[in-house]
Amino acid sequence: MSKATNSRALARDAQIEAIKVVARRLIAEKSVSGLSLREVSRELGLVSSALYRYFATRDDLLTALILDAYNDLGQSVERADARVARADAYARWRASARAIRRWATHNPHEYALIYGTPVPGYAAPTATIEAAARVVRVLGAILSESRRTAPRSVPKHSQGIDVGRYLAIDVLAAIMPGVAPEEYLKALIAWTTIFGFLTFELFGQYVGSVKNANLMFDRVVDDLAVSLNLKAA
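Since the structure is predicted, the reported quantities are computational estimates derived from the model, not experimental observations. (Residues numbered from 1 in each chain as written. Predicted model: local features only at pLDDT ≥ 70, side-chain atom pairs only at ≥ 80, totals over all residues. Heavy atoms only, no water.)

Chemist: Where do I start with empty space enclosed by the protein in this structure?
Modeler: Empty space among the atoms becomes apparent when a probe as large as a water molecule is rolled across them. Under the counting rule described, the total for this entry stands at one cavity of 30 Å³ or more. Lining of the largest cavity is provided by Arg24, Ile27, Leu65, His109, Glu110 and Leu113. When contributions to the lining of the largest cavity are tallied by element, the ones reaching two or more residues are α1 (3–30) and α6 (108–115). Looking at the lining of the largest cavity element by element, the count peaks at three residues for α6. Considered class by class, the residues forming the lining of the largest cavity number three nonpolar, one polar and two charged. (1 Å grid on protein atoms, 1.4 Å probe; cavity = no way out; pocket = protein on both sides within 12 Å on 5 of 7 lines; lining within 4 Å. Points joined across faces, edges and corners; volume = space filled by probe spheres on them. Helix = DSSP H or I, 4+ residues; strand = E, 2+ residues; numbered from the N terminus. Nonpolar A, V, L, I, M, F, W, Y, C, P; charged D, E, K, R; others polar.)

Chemist: Can you walk me through the pattern of salt bridges in this structure?
Modeler: Once their charged atoms are close, side chains differing in charge can pair, the charge on each being opposite to the other. Enumeration according to the criterion identifies 18 salt bridges in this entry. Salt-bridge contacts for Glu17 lead to Arg24; the nearest nitrogen and oxygen are separated by 3.5 Å. Taking relative accessible area as the criterion, Arg24 reaches 24% and is therefore assigned partly exposed. Across the salt bridge formed by Glu39 and Lys30, the nearest N and O atoms sit 2.2 Å from each other. For Lys30, a relative accessible area of 42% puts it in the partly exposed group. Several salt bridges converge on common partners, so that one network encompasses Glu17, Lys20, Arg24 and Asp68. (Salt bridge = Lys/Arg side-chain N within 4 Å of Asp/Glu carboxyl O. Buried < 20%, exposed > 50% of the residue type's maximum accessible area, 1.4 Å probe, protein only.)

Chemist: When you look at the environment of Ser31 in this model, what are you seeing that I'm missing?
Modeler: Summarising the element assignment, Ser31 is placed in the loop between α1 and α2 (37–44). Overall, Ser31 belongs to the partly exposed group, its relative accessible area being 35%. Taking the C-alpha atoms as reference points, Ser31 and Ala112, separated by 81 residues in sequence, lie 9.4 Å from one another.

In structure tokens:
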């Protein structure tokens, strides 16, 4: 690649990042529904047509922001998990859950973008699926690896239940290899409990009922670890 070509690529990347910075600010100030390429271009001092060289539609810009949010969250959780000894399933679970909450509380508008109210008229493309799965893959790996080192028998009341009637077995088996299908529901409940807590916390639903969200979150995470039978090393 020539120096001129490289300079143009760097300039394009810088302009794309500038557009996304403004878009994130507008979302924080006015919500997603108030985002438009026209307003972004006005904030940047550009004509609207100039933005079309970078994002053809508002939905393309939204997709870029969603991918950034999912990947940033996924990277944060992956790093938190990687810092913990592989054999300590409990510590890995706790570190990963705390990383999710830390990212969410530091990036509430990005959290709302990917886990909040769906944007009217917007349908996320399949390109977002892999990025969205990064967090779940970390949590699934913790459960999967804990079962490999300390197999768990399936409770009698769960044996023989056809979870295939209501769960996507093939997808979940890929995320949690080595985990019995009878445990998939409990894993999904654990994951959704974490994100449900964060949604209530960030959207003010715990006001008046929760005195210390930090302590409550740790208690929730610990109770989920018990339900999943995740052991400390």
